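Each chain is listed here by its residues.
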Amino acid sequence: MWFEQPRNPNSPLAGLKVLELARVLAGPFCGQILADLGADVVKVESPQGDGTRFWGPPWVEREGTDGIVHREAAYYHACNRGKRSIIADFGNPAELERVKALAAEADVVLENFKTGSLAKFGLDYAALAPANPRLVYCSITGFGHDGPRAHEAGYDFVIQGMSGFMSLTGEPNGVPVKMGISISDLSTGVWSANAVQAALLMRERTGMGQHIDMSLLDCSVSLLSNQASYLFTTGENPPRMGNAHAQVAPYGVFPTSDGHVILAPANDRLFARLMCMLGLDGLVHDPRFADNGARIANAAELDGMIAEATARMTKAELLEACHQHGVPAGPINRLDEVFADPQVRARGMQVELNGMLGVRSPFTFSDAELALDTPSPTLGQDDRSDPD
């Protein structure tokens with residue numbers, strides 16, 4: 001079943017065999033990262049398929065390798081590029097043995113079943129490792145394999161609330177707000193891909209694989225970073241700041257005559273440049289704004305004066321002026337504007353594979369390429385035709 005030749009011999013993970021027993025987002029996103037890096041990822045799906053195939057609209061219709069037009073949710077294609085798909089019912093002994101045979105030859109197994117769920121099928125790490133001691137087995141769950149909530153399912157929205165993200169997101173006097181992307185799922189996919197590669201490097205030293213226990217809650221809490229440091233240092237919870245910054249001023253969203261622009265002059269030198277650019281030179285030496293601490297104390301007054309000046313300019317005028325004066329600034333792009341942005345286009349972040357558009361993994365190597373060769377598989381397409 002595994003490819004005899006790497007998908008792209010010059011990709012970083014060429015020849016790596018990954019068996020994906022994962023669905024929805026965190027696990028498949030990890031698998032897609034590894035696939036983009038050149039791994040041969042075989043995705044095992046139930047006869048019903050990964051649930052995200054049905055999370056539409058929007059829908060994508062395309063002709064599969066079987067000549068049939070398949071209708072699938074766009075969501076599915078966001079995290080399954082570059083993989084192969086086989087169908088296996090774990091309750092069917094023959095199909096279960098096929099999956100175990102693949103695991104016996106795999107370098108990596110990815111799974112995101114609830115804690116303990118795969119043990120009854122003999123697909124947990126303890127059952128698979130004796131036949132394949134070099135196996136790196138990565139489990140992704142909501143809460144990890146120990147602790148009081150280990151056997152509970154985890155959902156991105158719930159984890160965003162539990163992790164503290166939502167206490168930090170939104171306007172100061174508004175309700176807590178989740179992020180516009182599934183940040184807990186996606187960050188767990190990224191952390192997990194990093195953990196897998198670290199374990200593979202360790203395997204080169206020890207000759208042995210190991211079990212990796214990844215949790216959505218752990219991965220989200222780990223992103224608290226400077227906000228956690230605020231709590232640890234002061235003993236107080238950081239406030240919601242909306243678009244403002246608790247430690248830097250001015251820093252936020254400012255109006256123009258035709259929209260809004262982000263301004264981020266994060267030190268005294270950049271503040272002075274912005275004030276001169278806006279014709280507010282007198283504020284540079286004003287004691288109320290002489291340093292960052294003073295500017296934070298008087299942020300509302302300062303922001304009001306800046307907003308009055310920027311409101312007389314168009315977005316294009318303000319952004320061009322900031323560019324000319326070296327002041328950090330940027331637009332607030334809709335997604336169509338993101339993928340039309342010259343910088344995004346120059347970096348090749350949008351890819352097209354057999355007519356399917358997607359966003360590539362953000363790696364750029366000097367002496368290697370990503371393996372961007374195939375779109376997401378149709379359900380069970382590699383049961384019908386063996387690529388070898």
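Look a little higher up for the structure.
Let us look at the structure shown here. (Residues numbered from 1 in each chain as written. Predicted model: local features only at pLDDT ≥ 70, side-chain atom pairs only at ≥ 80, totals over all residues. Heavy atoms only, no water.)

**Thoughts on unusual backbone geometry**
- The linkage connecting Gly 56 with the following residue, Pro 57, adopts the cis geometry, with an omega of 5°.
- Assignment of secondary structure puts Pro 57 in the loop between strand S2 (40-45) and strand S3 (59-63).
- Cis peptide bonds are those with omega within 30 degrees of zero, and the linkage from Pro 57 to Pro 58 qualifies with 0°.
- Looking at where Pro 58 falls in the secondary structure, it is placed in the loop between S2 and S3.
- With a phi angle near 45°, Ser 225 is a residue other than glycine that sits in the positive phi range.
- In this structure, Ser 225 sits in helix H9 (residues 225-234).
- Phi at Asn 354 takes a positive value of approximately 55°, unusual for a residue other than glycine.
- Along the chain, Asn 354 falls in the loop between strand S12 (350-353) and strand S13 (356-359). (Helix = DSSP H or I, 4+ residues; strand = E, 2+ residues; numbered from the N terminus.)

**Here we look at the side chain of Arg 295**
- Within the secondary structure, Arg 295 is located in helix H11 (residues 292-297).
- Among the polar contacts made by the side chain of Arg 295, one reaches the side chain of Asp 268 at a distance of 2.7 Å.
- In contact with Arg 295, not counting residues within four places along its chain, are Ala 249, Pro 250, Asn 267, Asp 268, Phe 271, Arg 288, Phe 289, Ala 290 and Leu 302. (Polar contact = N/O pair within 3.5 Å; in protein donor to acceptor, adjacent residues only side chain to side chain. Contact = heavy atoms within 4.5 Å.)

**Observations regarding the sheet that holds strand S9 (residues 252-256)**
- Strand order in the open sheet made by the 3 strands is S9-S10-S11, with antiparallel pairing throughout. Strands at the two margins of the open sheet, each flanked by one partner only, are S9 and strand S11 (329-331). The average angle at which neighbouring strand axes cross in this sheet is 35°, direction not considered.
- In the packing of helix H13 (residues 315-325) onto the sheet, contacts are made with S9, strand S10 (259-263) and S11, and the angle to S10 comes to roughly 15°. (Pairing = 2+ DSSP bridges. Axes fitted to C-alpha atoms, helices over the stretch in contact; angles between N-to-C directions.)

**Regarding the packing of helix H1 (residues 26-36) against helix H7 (residues 183-206)**
- At a closest axis distance of 8 Å, the pairing of H1 and H7 adopts a crossing angle of 50°. In this view, H1 runs oblique relative to H7, as classed from their interaxial angle. Considering the relative orientation of H1 and H7, their crossing is right-handed. Together, Ala 26, Phe 29, Cys 30, Ile 33 and Leu 34 of H1 and Asp 185, Leu 186, Thr 188, Gly 189, Val 190, Ser 192, Ala 193, Val 196 and Gln 197 of H7 make up the contact between the two elements.
- Residue composition of the contact of H1 with H7, by class: 9 nonpolar, 4 polar and 1 charged. (Parallel < 35°, antiparallel > 145°, perpendicular 65-115°, else oblique. Left-handed = near helix turned anticlockwise from the far one by under 90°. Nonpolar A, V, L, I, M, F, W, Y, C, P; charged D, E, K, R; others polar.)

**As for the nonpolar core**
- Ranked by internal contacts, the top residues of the largest apolar core, which has 31 residues, are Val 18, Leu 34, Val 108, Leu 110, Val 196 and Ile 212.
- Looking at this core, the elements with two or more residues in it are H1, strand S6 (108-111), strand S7 (136-141), H7, strand S8 (210-215) and helix H8 (216-221).
- The dominant element in this core, judged by the number of residues it contributes, is H1, at 6 residues.
- Of all hydrophobic cores here, the second largest spans 22 residues; its members include Ala 272, Met 275, Ala 307 and Leu 318. (Core = buried A, V, L, I, M, F, W, Y, C linked by side-chain atoms within 4.5 Å. Buried < 20%, exposed > 50% of the residue type's maximum accessible area, 1.4 Å probe, protein only.)

**Observations regarding a nonpolar patch on the surface**
- Together, Phe 54, Trp 55 and Trp 59 make up an exposed nonpolar region whose accessible area comes to about 330 Å².
- As for its placement among the helices and strands, Trp 55 is situated in the loop between S2 and S3. (Patch = residues over 30% accessible without salt bridge, like charges linked within 9 Å, V, L, I, M, F, W, Y side chains within 5 Å. Areas by Shrake-Rupley, 256 points an atom, 1.4 Å probe, with all protein chains shown as cover. Salt bridge = Lys/Arg side-chain N within 4 Å of Asp/Glu carboxyl O.)

**Quick word on H1**
- In terms of burial, H1 is a largely internal element, 11 of the 11 residues being buried.
- The complete set of buried residues in H1 reads Ala 26, Gly 27, Pro 28, Phe 29, Cys 30, Gly 31, Gln 32, Ile 33, Leu 34, Ala 35 and Asp 36.
- Among the residues trailing H1, Gly 38 stands out with phi positive, at a value near 110°.

So yeah, pure geometry; function would need other evidence.
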